[in-house]
Amino acid sequence: MKISEKGQALLAKYKKIQKLYILLLALAAMSLVFLHNFVLMVALAVFAFVFEAKAYICPHCKKTVDCKRRIKEDSCCLHCQKYIFKNLD
Ligand SMILES: [Zn+2]
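A quick note: this is a predicted structure, and the numbers were derived from the prediction, not measured.

> Which parts of the structure should I look at to understand the overall build of the protein chain?
Within the protein chain, the regular secondary structure consists of two helices and zero strands. Dimensions along the principal axes, computed over C-alpha positions, put the protein chain at roughly 50 × 20 × 15 Å. Within the protein chain, buried positions represent 9% of all 89 residues. Considering only contacts within the protein chain whose residues lie at least 6 apart along the sequence, 40% involve residues at least 24 apart.

Set out below in structure tokens:
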């Protein structure tokens, strides 16, 4: 089953979020390794986790989606069991 344009856009957005999340964690690691700044590392890591937790919203039930697992075209929402990127009118 092909996913719609809307689904494609959402998938692209989620992948961008994933990259940003990894970037934030990399920055957190770097701030400890290069700047020896533990507080900055914790702040960046916390920000990354909060950002990630809030960024993924199921388009069907509007609840946050756990995207710790790999995001795929056929990923399902744990709350409403629907395909996240499919059947988006
Ligand atoms: Zn849902």
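> Is there a simple way to think about the environment of Y14 in this case?
Mapping Y14 onto the fold places it in helix α1 (residues 5-33). On the basis of neighbour count, Y14 is assigned to the partly exposed category, with 19 C-beta atoms found within 10 Å.

> Before we go on, may I ask you to explain the environment of A29 in this structure?
Relative to the assigned elements, A29 resides in helix α1. Between the alpha carbons of A29 and L78 there is a distance of 31 Å; along the sequence they are 49 residues apart.

> Explain the environment of N37 here, please?
Here N37 is to be found in the loop between α1 and α2 (38-55). With 15 C-beta atoms packed within 10 Å, N37 lands in the partly exposed category. Spatially, the C-alpha atoms of N37 and Y14 are 30 Å apart, while their sequence positions differ by 23 residues. Those residues within four positions of N37 in sequence are excluded, and the remaining contacts are S31 and L32.

> It is not clear to me how unusual backbone geometry should be interpreted in this structure. Could you clarify?
Apart from glycine, the bulk of residues carry a negative phi angle, and the bulk of peptide bonds sit in the trans form. The backbone phi angle of H36 is positive, close to 50 degrees, even though this residue is not glycine. Here H36 lies in the loop between α1 and α2. Classification of H36 by C-beta neighbours within 10 Å gives exposed; the count is 9. For N87, which is not glycine, the phi dihedral falls at a positive 55 degrees. Along the polypeptide, N87 turns up in the segment after α2.

> Is there a simple way to think about the packing of α1 against α2 in this case?
Relative placement of two packed helices is described by the angle separating their axes and the distance separating the axes. Direction vectors running N to C along α1 and α2 enclose 170 degrees, while the axes themselves pass 7 Å from each other. By the criterion of interaxial angle, the relationship of α1 to α2 is roughly antiparallel. Across the interface between the two elements, I17, Y21, L24, L25, L27, A28, S31 and L32 from α1 touch F38, L40, M41, L44, A45, F47, A48, F51, E52 and A55 from α2. Of the residues that constitute the contact of α1 with α2, the class distribution is 16 nonpolar, one polar and one charged.

Conventions used here
Residues numbered from 1 in each chain as written. Predicted model: local features only at pLDDT ≥ 70, side-chain atom pairs only at ≥ 80, totals over all residues. Helix = DSSP H or I, 4+ residues; strand = E, 2+ residues; numbered from the N terminus. Buried ≥ 20, exposed ≤ 12 C-beta atoms within 10 Å, placed from the backbone. Contact = placed C-beta atoms within 7 Å. Axes fitted to C-alpha atoms, helices over the stretch in contact; angles between N-to-C directions. Parallel < 35°, antiparallel > 145°, perpendicular 65-115°, else oblique. Nonpolar A, V, L, I, M, F, W, Y, C, P; charged D, E, K, R; others polar.

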